[in-house]
Amino acid sequence: MKTSLRGICAMLAEEAIVLAAYNDGTGTMTIGAGHTAAAGPPAPRAGATISLTEAINIYRNDLAKTESQVQAAVRAVLSQHQFDALVSWHFNTGAISSATLTRKLNAGDAAGAAAEFARWNKSKGKVLEGLVARRERETAMFSRGDYGNPKVRVLESKSGPEEIFTADQIEALLGGAVSSEDEQSTEELLANPISQLLPLHRPKQTIGVTKAVFQKFHDLIPEDGRDDAVAVVAVRGYYLNTMGKEGANDRGVYDDAIFVVEPEGVHNFNGNTDPGRFARGIAKLKSHQAIRYRPGPHGFSRKNGPYPAFRQDSNCIVSRDETGEDTDSPGGRFWINLHRGGITSTSSLGCQTVPPHQWNEFKTLVDGLLKKHGQESFYYLLVDQDDVPQEETTVPAISQPTPTPAEVNPAQVLQQILTLAAMLRGRTTPNQADMVWLQDILRVLTVEPTILNGEILNGKKPDPLVSTSHPQLTPVNGALGKTIGHALDGRKTAIGVVGMLATTVLPIFLPQLAPITAAAGSLIDGVANSGTAATQAGSSLGRELVTAAFPIFAAVAGWGTMGKVEKWVQALRSGLVAPAGSQSLMQ
């Protein structure tokens, strides 16, 4: 749980924000709302200035420890205003783990806990009016969600002019931020049509190559880090020829690679080592150097405040657009940090970034490894793609031993076949009848091997003249005779036209020709079926030729009479009398 912006404003009303660093009188440099180096980064230095937004976000970051302590000590379910009041009280007293207030709250006595705020009004045993007023405001916040109307004093410098900001003004300055684009998914990154930021896969560099690069440039790491167990190696231009302009190290895309090196292996991540754009003075980290990083916040000027990252902790060399190289110092860091990138840009003005969908994995991994190996920081080594040795892409062939065939037990195989035969015939136990059935099958396969090699193994070849609406008719029963039977497809169709005229149509109109057609039937039938197996018993010239000539009927008769024609043809093929009404069709 985090303190609300309204709660932060109420707490800031108890302080004064100073936007320029100053000495607090004890030699401690301070900036913002009482922020010192002891509270964490950034460390105030003489001459440093910050904006009001940065001051509030630094204060937000300083509250993180207090917030976690409140969450750890309080077991009761808290509303936002109760949590805000407890953070304010604990930030001032530091008593959350031992106070009666906490014990009553955990016992379910919220009213009793609210009454405890007023007791914390002394400093060194003396009641202070300022503390009395603060405890009253915290009690109202805890009990009723009443934040009052806090006013925040902002000074340009310790002795400079003062300006008053209301909570509404500060909320307008920082509030209204939509959900951050940094939380978007891999799919949205890949689908970005404008920039195409992300490669299709993570770096595939092997552990051996990464460790070879690390050893090659190990001397670039200062002596205080050469024995570290954990380090990070970045390869600029890893996707040099597969993203952006071929052969160019592009900006604004995740075309680099970042490898976390530890004793037990290497972990691969996509990354960016360049600025997101070109502009005079923008810094680009120079290759072939090692920079120390340690965990810390990044982005104090963001509307949503800073977030955990890794901050630069040693000097670095950069090359600035149009101005040449530049080197920083402990008193004036460039803050080339390592942090989370964005979805519509790499979010870098010189920082090293990891795509948002991989950031949590990267941060959790590095934090865990640092803790495991007792490191407070790590060195980040940046090299170029040309520094990476090329890997062998061929794999030597490995001869495989020839498998020894297993011994076959004929009796066992026969028993399995008989059992299968019995199951096919509806029983579970084979008997003598199954043996006879199996012998009959083997006899057929032995006598007619073409059956096994033909229909059984390869399937029965379809007849090109089979009808799609009726298996006994030709396949041209529609669509204008399927273009007149594919232009009178085949010998049977062409001869069939002649045969139909000679044996079917002409005798209808000229009965006197019937004896001639009967005599010519066998001749035409032989021509129509030449080159094929003998005509089966019961077949006739009329059935064969009418079937072959059916494309003509289909084309002439049209859709309305198609059904009658099919029935007529079917009747002829079956040796039956044509159905009533069919004769009128032909007249």
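Rules of the game
Residues numbered from 1 in each chain as written. Predicted model: local features only at pLDDT ≥ 70, side-chain atom pairs only at ≥ 80, totals over all residues. Heavy atoms only, no water. Helix = DSSP H or I, 4+ residues; strand = E, 2+ residues; numbered from the N terminus. Expected span 1.5 Å × (residues − 1). Buried < 20%, exposed > 50% of the residue type's maximum accessible area, 1.4 Å probe, protein only. Contact = heavy atoms within 4.5 Å. Axes fitted to C-alpha atoms, helices over the stretch in contact; angles between N-to-C directions. Parallel < 35°, antiparallel > 145°, perpendicular 65-115°, else oblique. Left-handed = near helix turned anticlockwise from the far one by under 90°. Pairing = 2+ DSSP bridges. Core = buried A, V, L, I, M, F, W, Y, C linked by side-chain atoms within 4.5 Å. Salt bridge = Lys/Arg side-chain N within 4 Å of Asp/Glu carboxyl O. Phe/Tyr/Trp six-rings, centres within 6.5 Å; stacked < 30°, edge-to-face > 60°. Lys NZ or Arg CZ within 6 Å of the ring centre and 35° of its normal. pLDDT = per-residue confidence, 0-100.

Visitor: Looking at this structure, how should I read helix α7 (residues 129-144)?
Guide: Spanning 16 residues, α7 covers 22 Å between terminal C-alpha atoms, matching the ideal 22 Å at 1.5 Å per step. Buried residues of α7: Leu-131, Arg-134, Arg-135, Glu-138, Ala-140, Met-141 and Phe-142, and no others. Contacts made by the buried residues of α7 are with α1 (5-12), α4 (80-93), α5 (100-106), α6 (110-116) and β3 (122-123). Phi turns positive one or two residues past the end of α7, at Gly-145, with a value near 70 degrees.

Visitor: Explanation requested: the packing of α4 against α7 in the structure shown.
Guide: How two helices sit against one another is set out by the angle between their axes and by the gap between those axes. Contact geometry of α4 with α7 gives a least axis separation of 7 Å together with a crossing angle of 155 degrees. The pairing of α4 with α7 is recorded here as roughly antiparallel in orientation. For the pair α4 and α7, the sense of crossing is left-handed. Facing α4, whose interface residues are His-81, Gln-82, Asp-84, Ala-85, Leu-86, Ser-88, Trp-89, Asn-92 and Thr-93, α7 presents Leu-131, Arg-134, Arg-135, Glu-138, Met-141, Phe-142, Ser-143 and Arg-144.

Visitor: So what exactly am I meant to see when it comes to the side chain of Thr-273 here?
Guide: Note on placement: Thr-273 falls in the loop between β9 (265-271) and β10 (283-285). Among the residues examined, Thr-273 registers a relative accessible area of 0% and is labelled buried. In contact with Thr-273, not counting residues within four places along its chain, are Ala-234, Arg-236, Asp-256, Gln-352, Tyr-380 and Leu-382.

Visitor: It is not clear to me how the sheet that holds strand β1 (residues 16-23) should be interpreted in this structure. Could you clarify?
Guide: One key point about sheets: their strands pair by backbone hydrogen bonds, in either a parallel or an antiparallel sense. The strand order across the open sheet built from four strands is β2-β1-β5-β6, with neighbouring strands paired in mixed fashion. At either margin of the open sheet sits one strand with a lone partner, and together these are β2 (29-32) and β6 (162-166). Put simply, the sheet's adjacent strands are angled 30 degrees from each other on average, direction ignored. Summarising the sheet, β1 and strand β5 (residues 151-155) pair through three bridges and their orientation is parallel. Pairing of Val-18 across the sheet is with Leu-155, part of β5. Strands in contact with helix α2 (residues 52-62) are β1, β2, β5 and β6; relative to β1, the strand with the most contacts, it is inclined by about 90 degrees.

Visitor: What's the story with the nonpolar core in this structure? I'm lost.
Guide: Among soluble globular proteins, nonpolar side chains are generally buried collectively. Membership of the largest hydrophobic core comes to 44 residues, with the highest contact counts inside it found for Leu-12, Ile-17, Leu-86 and Phe-142. If we ignore the near neighbours within four places in the chain, the residues touching Leu-86 are Val-70, Val-74, Leu-78, Leu-101, Leu-105, Phe-117 and Phe-142. Formed by 26 residues, the second largest nonpolar core is a distinct cluster that contains Ala-283, Val-354, Leu-365 and Val-366.

Visitor: Could you clarify how one ought to interpret the pattern of salt bridges in this entry?
Guide: Opposite charge on two side chains makes pairing possible when the charged atoms of those side chains draw close. A full pass over the atoms with the stated rule returns 22 salt bridges. The partner of Glu-138 in a salt bridge is Arg-134, with the nearest N and O atoms 3.1 Å apart. Residue Glu-138 and its partner Arg-134 are both found in helix α7; the two are separated by four residues, about one turn of the helix. The same class applies to Glu-138 as to Arg-134, namely buried. Between Arg-144 and Asp-146 there is a salt bridge, and its shortest N-O distance comes to 3.7 Å. Looking at Asp-146, the relative accessible area reads 36%, which means it is partly exposed. Put simply, Asp-224, Arg-292, Arg-294, Asp-313 and Glu-376 are held in one network by salt bridges that share partners.

Visitor: Could you clarify how one ought to interpret the pairing of β5 in this entry?
Guide: The side chains of a regular strand alternate between the sheet's two faces. Summarising the sheet, β5 and β6 pair through five bridges and their orientation is antiparallel. Bridge pairing in β6 places Arg-153 opposite Ile-164. Where β5 hands over to β6, the hairpin turn is made up of six residues, counted between the paired strands.

Visitor: Help me understand the side chain of Thr-102, please; the structure alone is not making it clear to me.
Guide: Inspection of the secondary structure puts Thr-102 in helix α5. When its relative accessible area of 5% is taken as the criterion, Thr-102 is described as buried. Residues in contact with Thr-102, not counting those within four places in the same chain, are Ala-73, Val-74 and Ile-96.

Visitor: Explain the sheet that holds strand β13 (residues 317-320) here, please?
Guide: Sheet architecture is open: three strands sit in the order β10-β13-β14, paired in antiparallel fashion. Every interior strand has two partners, whereas the edge strands, β10 and β14 (324-327), have only one. For this sheet, the mean angle separating the axes of adjacent strands, direction not counted, is 40 degrees. In terms of strand pairing, β10 meets β13 through three bridges, oriented antiparallel.

Visitor: Got a minute to help me understand the packing of aromatic side chains in this structure?
Guide: Remark: the centre distance and the inter-plane angle together describe each pair of aromatic rings, the angle taken between the planes. According to the stated counting rule, one finds 13 aromatic pairs in the structure shown. Measuring from centroid to centroid gives 4.9 Å for Tyr-238 and Tyr-239, while their planes differ by 70 degrees, and the two rings are edge-to-face. Seen from their ring centres, Phe-310 and Phe-378 are 5.3 Å apart, and the 80 degrees between their planes marks the pair as edge-to-face. In this pair, Phe-310 is assigned in strand β12 (residues 307-312) and Phe-378 in strand β17 (residues 378-384), connecting sequence segments 68 residues apart. Phe-378 shares its class with Phe-310; the two are buried. Taken together, the aromatic side chains of Phe-269, Tyr-293, Phe-310, Trp-359, Phe-362, Phe-378 and Tyr-380 make up a single cluster linked through ring pairs. If you follow Arg-311 out to its NZ or CZ, it ends over the ring of Trp-335, 4.2 Å from the centre. Above the plane of the ring of Phe-334 lies Arg-320, whose end atom (NZ or CZ) is 4.7 Å from the centre.

Visitor: Hey, could you run me through the confidence of the model for the protein in this one?
Guide: Interpreting fine coordinate detail is not advised for predicted regions of low pLDDT. On average, residues of the protein score 76 in pLDDT, and 67% of them are at 70 or above. Predicted confidence is poor over residues 553-560, with pLDDT under 50, and the contacts of this stretch with residues over four places away or in other chains come to 14 contacts. This model gives residues 576-587 a pLDDT under 50, and the stretch forms 15 contacts once residues within four places in sequence are excluded.

Visitor: Just to check I follow, could you spell out the pairing of β14 for this structure?
Guide: Relative to β14, β13 is paired through four bridges, and the arrangement is antiparallel. Across the sheet, the residue bridging to Ile-317 is Thr-327, located in β14. Linkage of β13 to β14, two consecutive antiparallel strands, is achieved through a turn of three residues, within which Glu-322 is found at a positive phi near 70 degrees.

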